[in-house]
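Report on the structure
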Amino acid sequence: MTRIAAQQPYFLADYYYFQKIFLSDIFFIADFLQYRKQSAISRARLTGEYQPEYLTIPVHHSADNPPPRINQVKMLPPQSWVEQHLKTLKSLYRRYPFFEYYFPELEAIYLKKYQLLHQFLNELIRWQSGLLFPGKKLL
């Protein structure tokens, strides 16, 4: 029996997201679902030394009703947020084991020129999943 799972893309997804990937044979990144502002789709809560840190991917907001699909949401230009994200991630995690090995790969994903939110999220999820579960099928 083939186990199929789906989930909208989350920015820097948590343990439960990757557990869902692990437990499935085929996993669909459901970027065709509606975008929700202030959700895990474009916002991540990271553990800081003294208090939680939040990273948010800035996107173009529209008053569309119904809201746009995730694969239609445009990100703001990278010069307005990418450097700050990388600086925050480096500050929080530079002392963790293997940081120097994985951070350049993460940085390379951040530095690519994406226009749509789902392009960035899908690549980030595929990279993280590939580290945890090599060969896992993500669609």
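Reference entry: report on the structure contained in this document. (Residues numbered from 1 in each chain as written. Predicted model: local features only at pLDDT ≥ 70, side-chain atom pairs only at ≥ 80, totals over all residues. Heavy atoms only, no water.)

A few words on the nonpolar core. With 39 residues, the main nonpolar core has F11, Y17, I57, Y110, L117 and F120 as its most contacted residues. Among the secondary structure elements, those contributing two or more residues to this core are α1 (15-23), β2 (26-29), β3 (43-46), α2 (82-93), α3 (99-111) and α4 (117-132). If one sorts the elements of this core by residue count, α4 sits on top with six residues. Excluding residues within four positions of it along the chain, L117 makes contact with Y35, I41, S42, I57, V59, V73 and M75. (Core = buried A, V, L, I, M, F, W, Y, C linked by side-chain atoms within 4.5 Å. Buried < 20%, exposed > 50% of the residue type's maximum accessible area, 1.4 Å probe, protein only. Helix = DSSP H or I, 4+ residues; strand = E, 2+ residues; numbered from the N terminus. Contact = heavy atoms within 4.5 Å.)

Glancing now at the packing of aromatic side chains. Using the criterion set out here, one finds 13 aromatic pairs in the structure. When the centroid spacing of 5.4 Å and the interplanar angle of 35 degrees are considered together, the rings of Y10 and Y17 count as tilted. For Y10, a relative accessible area of 19% gives the class buried. Judged by relative accessible area, Y17 falls into the buried class, the value being 3%. Chaining the aromatic ring pairs together yields one cluster made of F11, W81, Y110, Y114 and F120. (Phe/Tyr/Trp six-rings, centres within 6.5 Å; stacked < 30°, edge-to-face > 60°.)

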